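Structural characterization, general
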Amino acid sequence: MANVMSNQQTLLDLPHYIDAKPAHQHIAILANCYQAYFAAPLFTDSTDEAELLTKAWQAGFVLLSHGIGDDPVFNFANKTAQKLFEMDYLTLTSLPSRKSAGSSTQAERDQLLAEVSSKGCIDDYSGIRVSASGKQFFIERAKVWNLTDEAGNYYGQAAMFNSWTAIT
């Protein structure tokens, strides 16, 4: 991503290494697919890409996405996700998404992603995830969905949730 920060990025409180234009496009795809799968907007009263990105970045719920490939890597993580997973943006967006789950829950995670791939979405996922420091937390009522553009090109998957409990 570009190291040049626009005025818009400053207003959004985005790190300097995030290129706003591709980020706007990504969040638009994420929000459009959410709307299509769940018949509700991810953010109310948001049509402008910059506004969508601002709301995604600052949302009080976790919003993550990963790309494609055999071992997909996170390509977006909002501030709430970064705090919960105890990683900054660059660290989290260079992490294979499988590493967000502990080794004991990999089979469950793989099953979830396969189900989302075939059905398009899941609207009530619960499972255990792990932060960078090894803290485990139980997420509840997560929505997970496929990301495609208007031409049907597959971009990966996204997840959002606002309910989690620390496991002690």
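In this report, we go over the structure that sits alongside the text.

About the thresholds
Residues numbered from 1 in each chain as written. Predicted model: local features only at pLDDT ≥ 70, side-chain atom pairs only at ≥ 80, totals over all residues. Heavy atoms only, no water. Buried < 20%, exposed > 50% of the residue type's maximum accessible area, 1.4 Å probe, protein only. Helix = DSSP H or I, 4+ residues; strand = E, 2+ residues; numbered from the N terminus. Pairing = 2+ DSSP bridges. Contact = heavy atoms within 4.5 Å. Polar contact = N/O pair within 3.5 Å; in protein donor to acceptor, adjacent residues only side chain to side chain. Phe/Tyr/Trp six-rings, centres within 6.5 Å; stacked < 30°, edge-to-face > 60°. Lys NZ or Arg CZ within 6 Å of the ring centre and 35° of its normal. Salt bridge = Lys/Arg side-chain N within 4 Å of Asp/Glu carboxyl O.

Points about the pairing of strand E5 (residues 154-161)
When you tally the buried positions in E5, you get six out of eight residues, the bulk of the element. Where strand E1 (residues 62-66) lies against E5, five bridges are found, and the strand directions are antiparallel. Bridge pairing links His66 to Gln157 in E5. Hairpin connection between strand E4 (residues 136-148) and E5: a loop of five residues separates the two successive antiparallel strands, and Gly152 in this loop has a positive phi of roughly 90 degrees.

Focus: unusual backbone geometry
The residue Ala39 is not glycine, and still its phi comes out positive at about 55 degrees. Summarising the element assignment, Ala39 is placed in the loop between helix H2 (20-38) and helix H3 (49-58). Look at Glu86: it is not a glycine, yet its phi comes out positive at around 55 degrees. Mapping Glu86 onto the fold places it in the loop between helix H4 (79-85) and helix H5 (89-92). Glu86 gets classed as partly exposed once you look at its relative accessible area, which sits at 34%.

A short note on the environment of Tyr155
The topology assignment puts Tyr155 in strand E5. Sequence separation of Tyr155 and Ile68 is 87 residues, and the distance between their C-alpha atoms is 6.1 Å. What Tyr155 contacts, discounting residues up to four positions off in sequence, is Ile29, His66, Gly67, Ile68, Leu147, Thr148 and Asp149. A polar atom in the side chain of Tyr155 sits 3.2 Å from the side chain of Asp149.

With respect to the environment of Tyr154
Mapped onto the fold, Tyr154 is located in strand E5. Each C-alpha atom, one on Tyr154 and one on Ile68, is 7.9 Å from the other, the two residues being 86 residues apart in sequence. Sequence-distant contacts of Tyr154, that is, excluding residues within four places in its chain, are made with Ile68, Ser117, Asn146, Leu147 and Thr148. Here Gly156 takes part through its backbone oxygen, which lies 3.4 Å from a polar atom of the side chain of Tyr154.

Side note on the packing of aromatic side chains
Within this structure, the stated rule accounts for nine aromatic pairs. Where Tyr34 meets Trp145, the ring centres are 5.0 Å apart and the plane angle is 75 degrees; that geometry is what we call edge-to-face. In this pair, Tyr34 is assigned in helix H2 and Trp145 in strand E4, connecting sequence segments 111 residues apart. Taken together, a centroid distance of 6.3 Å and an interplanar angle of 65 degrees make the contact between Trp57 and Phe76 edge-to-face. Of this pair, Trp57 sits in helix H3 while Phe76 sits in strand E2 (residues 74-77); the two residues are 19 residues apart in sequence, bridging distant segments of the chain. Pair check on accessibility: Trp57 and Phe76 agree, each one buried. Members of the aromatic cluster, connected to one another through ring pairs, are Tyr34, Phe38 and Trp145. Its end group placed over the ring of Phe38, Lys143 keeps NZ or CZ at 4.8 Å from the ring centre.

Re the pairing of E1
Here E1 lies mainly inside the structure; five of its five residues are buried. Inspection of the sheet shows E1 paired to E2 by three bridges, in the antiparallel sense. Paired with Ser65 across the strands is Phe76, a residue of E2.

Overview of the pattern of salt bridges
For the structure on display, the rule yields five salt bridges. Residue Glu86 pairs with Lys135 through a salt bridge whose shortest N-O separation is 3.3 Å. Taken together, the positions of Glu86 in the loop between H4 and H5 and Lys135 in the loop between strand E3 (121-130) and E4 put the pair 49 residues apart, joining distant regions of the chain. A salt bridge links Lys119 to Glu115; its shortest N-O distance comes to 2.8 Å. A residue pair is termed a helical-turn pair when its members lie 3 or 4 positions apart in one helix, as Lys119 and Glu115 do in helix H6 (residues 106-119) at four residues. Among the residues examined, Lys119 registers a relative accessible area of 56% and is labelled exposed.

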